[in-house]
Amino acid sequence: MTPNPNRFSTYTSTSVGTGSEEKKDDNKRDMWSSMLDSVASGKRLPEKNMLVLGGSVQSQREFLEALSSDSQRRNTDRANGAPPIANSFALGYTYYDVLDADQEDILARVSLSLLSSPSPAFASLIKPLLTPRTIPNTLIVILLDWTQPWSWMRQLREWLLLLRSVLLSLSPECKEAMEEVISSWRERGRTGGSVNLDGTGAVAAEGDVALPLGPGEWEDALGLPLCVVCQNSERIDYLEKSQGWKEEKFDLVLQYLRTALLRHGASLIYTSPTMVTPLQTMVHASLGIRSLLKRAPLKHNVIDRDKIIVPPNWDSWGKIRVLRDGFDVESISEGWSIDINQPFPAGGSSTTNDTEEGETFESNDQSEPEGSAVAMYEEQVQDTSLDTLQLVQGHIDTNKLEIPSVDTQAFLGNQLGRLEQQKKDEEKVTKENSFAQADTPDMISDHIGPVQFNMGGIQVDADDMVQRLKERQAYGHSPEPFAQDDEEDEEEEEDETQAEPSPQVDTVTLAKFFGNLMNRKPEARSP
């Protein structure tokens, strides 16, 4: 067969064409992947974290409601319903979305971890929340309540001791991240500084000079920003009316808090559910959340006693002294340094927040170190409603009302001894009464036995004979029953139907006779 000169192979051309198409598909796939990734990253919400410590289950819920405005809550309810708040046991959790001023765009999502008790057992639950990625976006909030202002310094110390034990156990990477956070926070919001409180750049006004850190500032930095919220400030009026608190006492409480928080670079705010406060502005600025449409300024306020606002990096020893003369800020600051360098109390939390309003039960018997700021605070700020009870108990304890308990086994052993002694006493009294009330003839009869004698060849029992005579005498004195033939004429025939009494028998003489027989002594026989 003659070969075809026009014959050619299609393998090479097919192979080359397939390879080029695969390269084009790969390029298209890479292009779409990069576009999708860029869009996804642009829509990804900034994640912020908040660790809320202290307060009761209800007060934590009130704090979350204060952070969300009414319009935000309506928007959330309309979309998917309000997020649940799981804070009844151990470490709770919830979240909320921060909306922009137009209530359309979501600026960030804030995740809240809630803890009510400063127990060392919960340290292992807090540690996983702090990682090198989450530390730059984390804020710590400690809740205090105006129902127990006399225990604030003790509560604050316990929470800070728990936090320090957790932060010291973190990895080196986490500690490096905390160092970077604190170095940046020392300049945020400071007068004359280059960084605002929300982390944005600041333009210094003419004449403003950045001041260096003063005495007592940032001397015990935790590694994370801290905000202390004192709830229910409307109870200030109640304390003034019911317990006789004066302006000096309220200023003293504020000076103690400001002096302690100054060492940690923390902020302070008083809140109340009955009035609008800039809590939302302070918390969101501390987390670095800023609106693109509206910027709400945060101004300090240390004049209005129920609307206190102390932003971070604003306070100083000089401003604390001005509030009220006679306050030794240096000794209180040194005393607080002693307090937070103590080991955590062995008994755990000394204050429970689930008690009713105005009540507090504490169980911390450890003596405070010399120069302790907590001891000085509790000596000057006392719960006067407990003074009467403490005086009745014979001792004055200004911060707690104790009832020492006895060991269960010791208590039961003591009660057993008392019950046995009481039983013996009762048996003794019963025996004495029965002996005194006993019939003397019966006792003699029981002692000598029955008395019998022979009378005319008949054996007679004297006791039985006396008993029969008594019965016969009793029967002789009893009247005969009435004859009741006709009930209608009973009253008329009463005298006629009554039977005449039987003649009496002289039983006294017979009883005396037989008694003489029993008591007669045998005559001596003549020889």
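Residues numbered from 1 in each chain as written. Predicted model: local features only at pLDDT ≥ 70, side-chain atom pairs only at ≥ 80, totals over all residues. Heavy atoms only, no water.

How should I be thinking about the nonpolar core in this particular structure?
Within soluble globular proteins, side chains that are nonpolar tend to cluster in buried spots. Ranked by internal contacts, the top residues of the largest apolar core, which has 65 residues, are Leu 257 and Leu 268. Contact partners of Leu 268, with chain neighbours within four places excluded, come to Val 228, Cys 230, Leu 254, Leu 257, Arg 258, Leu 261, Met 282, Ile 308, Ile 309 and Val 310. Within the second largest apolar cluster, 24 residues are counted, among which are Leu 107, Leu 112, Leu 143 and Leu 279. (Core = buried A, V, L, I, M, F, W, Y, C linked by side-chain atoms within 4.5 Å. Buried < 20%, exposed > 50% of the residue type's maximum accessible area, 1.4 Å probe, protein only. Contact = heavy atoms within 4.5 Å.)

What am I meant to see in a nonpolar patch on the surface here?
Where nonpolar side chains cluster on the molecular surface, the patch consists of Val 406, Phe 411 and Leu 412 and spans about 310 Å² of accessible area. Assignment of secondary structure puts Val 406 in the loop between α13 (387–392) and α14 (408–436). (Patch = residues over 30% accessible without salt bridge, like charges linked within 9 Å, V, L, I, M, F, W, Y side chains within 5 Å. Areas by Shrake-Rupley, 256 points an atom, 1.4 Å probe, with all protein chains shown as cover. Salt bridge = Lys/Arg side-chain N within 4 Å of Asp/Glu carboxyl O. Helix = DSSP H or I, 4+ residues; strand = E, 2+ residues; numbered from the N terminus.)

What is the right way to read the sheet that holds strand β2 (residues 92–99) from this model?
Strand pairing in a sheet takes place through backbone hydrogen bonds and is either antiparallel or parallel in direction. Strands sit in the order β2-β3-β1-β4-β5-β6-β7 across an open sheet of seven strands; the sheet is mixed. The open sheet has two edge strands with one neighbour each: β2 and β7 (309–310). Relative to strand β6 (residues 267–270), strand β5 (residues 226–231) is paired through four bridges, and the arrangement is parallel. Within β6, the residue paired with Val 228 across the bridge is Leu 268. Each of β1 (47–53), β3 (106–115), β4 (138–145), β5 and β6 is contacted by helix α5 (residues 152–168), which is oriented at about 155° to β4, the strand it contacts most. (Pairing = 2+ DSSP bridges. Axes fitted to C-alpha atoms, helices over the stretch in contact; angles between N-to-C directions.)

Even after reading the chapter, I still don't get a negative patch on the surface, so can you show me in this structure?
A contiguous patch of negative charge, built from Glu 173, Glu 176, Glu 179 and Glu 180, is present on the exposed surface. Inspection of the secondary structure assignment puts Glu 180 in helix α6 (residues 172–185). The class for Glu 180 is exposed, based on a relative accessible area of 57%. (Lys, Arg positive; Asp, Glu negative; His and termini not counted. Charge placed at Lys NZ, Arg CZ, Asp CG, Glu CD.)

How should the packing of α5 against helix α11 (residues 329–340) be read in this particular structure?
Pairs of packed helices are described in terms of their axes, by the angle between the two and the distance that separates them. It is at 9 Å that the axes of α5 and α11 come closest, and there the two elements cross at 50°. When the interaxial angle is binned, α5 and α11 end up oblique. In this structure, α5 contributes Met 153, Leu 156, Arg 157, Leu 160, Leu 161 and Arg 164 to the contact, and α11 contributes Trp 336, Asp 339 and Ile 340. Tallied by class, residues from the contact of α5 with α11 come to six nonpolar, no polar and three charged. (Parallel < 35°, antiparallel > 145°, perpendicular 65-115°, else oblique. Nonpolar A, V, L, I, M, F, W, Y, C, P; charged D, E, K, R; others polar.)

What am I meant to see in the pattern of salt bridges here?
Close approach of charged atoms lets side chains of opposite charge pair. Scanning the model with the defined rule gives 14 salt bridges in all. Notably, a salt bridge pairs Arg 263 with Glu 219, separated by 3.1 Å at the nearest N-O pair. Taken as a pair, Arg 263 in the loop between α8 (247–262) and β6 and Glu 219 in the loop between α6 and β5 lie far apart in primary sequence, 44 residues in all. The partly exposed category is assigned to Glu 219, whose relative accessible area is 45%. A network of salt bridges, in which partner residues are shared, links Arg 154, Arg 157, Asp 339, Glu 368 and Glu 378.

For this particular structure, what's the right way to read unusual backbone geometry?
Glycine aside, a negative phi is what most residues show, and trans is what most peptide bonds show. A positive phi is found at Trp 218, a non-glycine position, where the angle reads about 55°. Within the secondary structure, Trp 218 is located in the loop between α6 and β5.

What should I look at first to understand the packing of aromatic side chains in this one?
Given two aromatic rings, their pairing is described by the distance between the two centres and the angle made by the two planes. Applying the stated criterion to the full structure yields six aromatic pairs. With 5.4 Å between their ring centres and 50° between their planes, Trp 245 and Phe 250 make a pair best called tilted. Look at Tyr 256 and Phe 327: their rings are 5.4 Å apart centre to centre, the planes differ by 80°, and that puts the pair in the edge-to-face class. One end of the pair, Tyr 256, is in helix α8; the other, Phe 327, is in the loop between α10 (317–323) and α11, and 71 residues separate them in sequence. (Phe/Tyr/Trp six-rings, centres within 6.5 Å; stacked < 30°, edge-to-face > 60°.)

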